[in-house]
Amino acid sequence: MASPVTDAICEKAMFLLYNYLPRAVANGQDREARERVMVASTLAGWMLNNAGTIAGHSIAHVLGAKYHIVHGEAVGYALPAVMEFVAPVRAHKVREIGQILGAVYPENAPDEQVAIIASRAFKDFRDRMLGLHPVEDYGISVEELVSNAQAVVDERFAGNTPRDIDLQAAEQLLEGFGSR
């Protein structure tokens, strides 16, 4: 349900979060950082209403509810695998997300390499800059995660993903949850 306008607003939200969320996390008294994060959060919520969301949120809804994982963390754990999954059909968007996150791509990098570089840039942001603890802290095995594949397929936002989310795709995404 995305459009060029919603993409531009989402890109601004990502830019603000990349540049100000680490500051707000490091110093809760940094009013400028907190204000910018608030704006990003408002933009992101607005875009959820206007453009919807895809498999990362589906995974977060299913696993968050079952294993009591904070929604934002669950989305953060799911996103790298989702970026790599959608890259074959949305390489340009994945490339731009990576650029917002500071990724640098070799000239003429194939889409698969772009996806890996972009997902690594996100993981670096998630883990190093925000200090998100490893998903392993939850003590959920890969087999247990994969057992939720049908629930992910059936979750309402999975259908918005630009590639079909069938059982095999959901299993692949759940295997990549947290980028073990």
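See the structure printed just above.
In short, a report on the structure. Everything numeric in this text was worked out from a predicted model, so none of it was measured.

A word on the overall build of the protein chain
Reasoning step 1: Counting secondary structure elements, the protein chain contains 8 helices and 0 strands.
Reasoning step 2: Sequence-ordered secondary structure for the protein chain, helices as α and strands as β, is α-α-α-α-α-α-α-α.
Reasoning step 3: Whereas a compact globule of 180 residues would reach a radius of gyration of roughly 16 Å, the protein chain reaches 16 Å, a difference of no more than 12%.
Reasoning step 4: Overall, the C-alpha framework of the protein chain stretches about 45 × 40 × 30 Å when taken along its three principal axes.
Reasoning step 5: For the protein chain, the residues scored as buried account for 43% of the 180 residues in total.
Reasoning step 6: Put simply, of all contacts in the protein chain between residues at least 6 apart along the chain, 69% involve residues at least 24 apart.
Reasoning step 7: As displayed, the protein chain has an accessible area near 9700 Å², and 53% of this comes from carbon and sulfur atoms.

Some words on the packing of helix α4 (residues 71–100) against helix α5 (residues 111–129)
Reasoning step 1: Viewed as axis vectors pointing N to C, α4 and α5 meet at an angle of 135°, and their least axial separation amounts to 8 Å. Classified by the interaxial angle, the pair formed by α4 and α5 is oblique. In this structure, the crossing between α4 and α5 has a hand that is right-handed. Between α4 and α5, the residues in contact are Gly76, Tyr77, Leu79, Pro80, Met83, Glu84, Ala87, Ala91, Val94, Arg95 and Gly98 and Asp111, Val114, Ala115, Ile116, Ala118, Ser119, Phe122, Lys123 and Arg126, respectively.
Reasoning step 2: By residue class, the composition of the contact of α4 with α5 is 12 nonpolar, 3 polar and 5 charged.

Quick look at the environment of Gly52
Reasoning step 1: Summarising the element assignment, Gly52 is placed in the loop between α2 (31–51) and α3 (55–67).
Reasoning step 2: Spatially, the C-alpha atoms of Gly52 and Ser141 are 30 Å apart, while their sequence positions differ by 89 residues.

Here we look at the pattern of salt bridges
Reasoning step 1: The final tally for this structure, using the stated rule, is 6 salt bridges.
Reasoning step 2: The residue Glu32 makes a salt bridge to Arg23 at a minimum N-O spacing of 2.9 Å.
Reasoning step 3: Judged by relative accessible area, which is 33%, Arg23 ranks as partly exposed.
Reasoning step 4: One salt-bridge network, held together by shared partners, links Arg23, Asp30 and Glu32.

Here we look at the packing of aromatic side chains
Reasoning step 1: On inspection of all chains with the given rule, the structure shows 3 aromatic pairs.
Reasoning step 2: A ring pair is formed by Tyr18 and Phe125, whose centres lie 5.4 Å apart and whose planes are at 40°; its orientation type is tilted. Here the residue Tyr18 occupies a position in helix α1 (residues 4–26), and Phe125 occupies one in helix α5, the gap between them amounting to 107 residues. We note that Tyr18, like Phe125, is buried.
Reasoning step 3: Ring centres of Tyr77 and Phe177 lie 5.5 Å apart, and the angle between their planes is 70°; on these two criteria the pair is classed as edge-to-face.

Let's talk about α3
Reasoning step 1: The terminal C-alpha atoms of α3, which comprises 13 residues, lie 18 Å apart, in line with the 18 Å expected from a rise of 1.5 Å per residue.
Reasoning step 2: Residues Ala55, Gly56, His57, Ser58, Ile59, Ala60, Val62, Leu63, Gly64 and Tyr67 constitute the buried set of α3.

Observations regarding unusual backbone geometry
Reasoning step 1: Here the phi dihedral of His68 falls at roughly 60°; this positive angle occurs in a residue that is not glycine.
Reasoning step 2: On the accessibility criterion, His68 (67% relative accessible area) is exposed.
Reasoning step 3: The backbone of Asn108 sits at a positive phi, close to 60°, despite the residue not being glycine.
Reasoning step 4: On the secondary structure map, Asn108 appears in the loop between α4 and α5.

A closer look at the environment of Gly56
Reasoning step 1: With respect to the helices, strands and loops of the structure, Gly56 is situated in helix α3.
Reasoning step 2: Given the relative accessible area of 7%, Gly56 is considered buried.
Reasoning step 3: With sequence-adjacent residues up to four places away left out, Gly56 is seen in contact with Val75, Ala78 and Val82.

About the criteria used
- Residues numbered from 1 in each chain as written.
- Predicted model: local features only at pLDDT ≥ 70, side-chain atom pairs only at ≥ 80, totals over all residues.
- Heavy atoms only, no water.
- Helix = DSSP H or I, 4+ residues; strand = E, 2+ residues; numbered from the N terminus.
- Rg over C-alpha atoms; globule rule 2.2 N^0.38 Å.
- Buried < 20%, exposed > 50% of the residue type's maximum accessible area, 1.4 Å probe, protein only.
- Contact = heavy atoms within 4.5 Å.
- Areas by Shrake-Rupley, 256 points an atom, 1.4 Å probe, with all protein chains shown as cover.
- Axes fitted to C-alpha atoms, helices over the stretch in contact; angles between N-to-C directions.
- Parallel < 35°, antiparallel > 145°, perpendicular 65-115°, else oblique.
- Left-handed = near helix turned anticlockwise from the far one by under 90°.
- Nonpolar A, V, L, I, M, F, W, Y, C, P; charged D, E, K, R; others polar.
- Salt bridge = Lys/Arg side-chain N within 4 Å of Asp/Glu carboxyl O.
- Phe/Tyr/Trp six-rings, centres within 6.5 Å; stacked < 30°, edge-to-face > 60°.
- Expected span 1.5 Å × (residues − 1).

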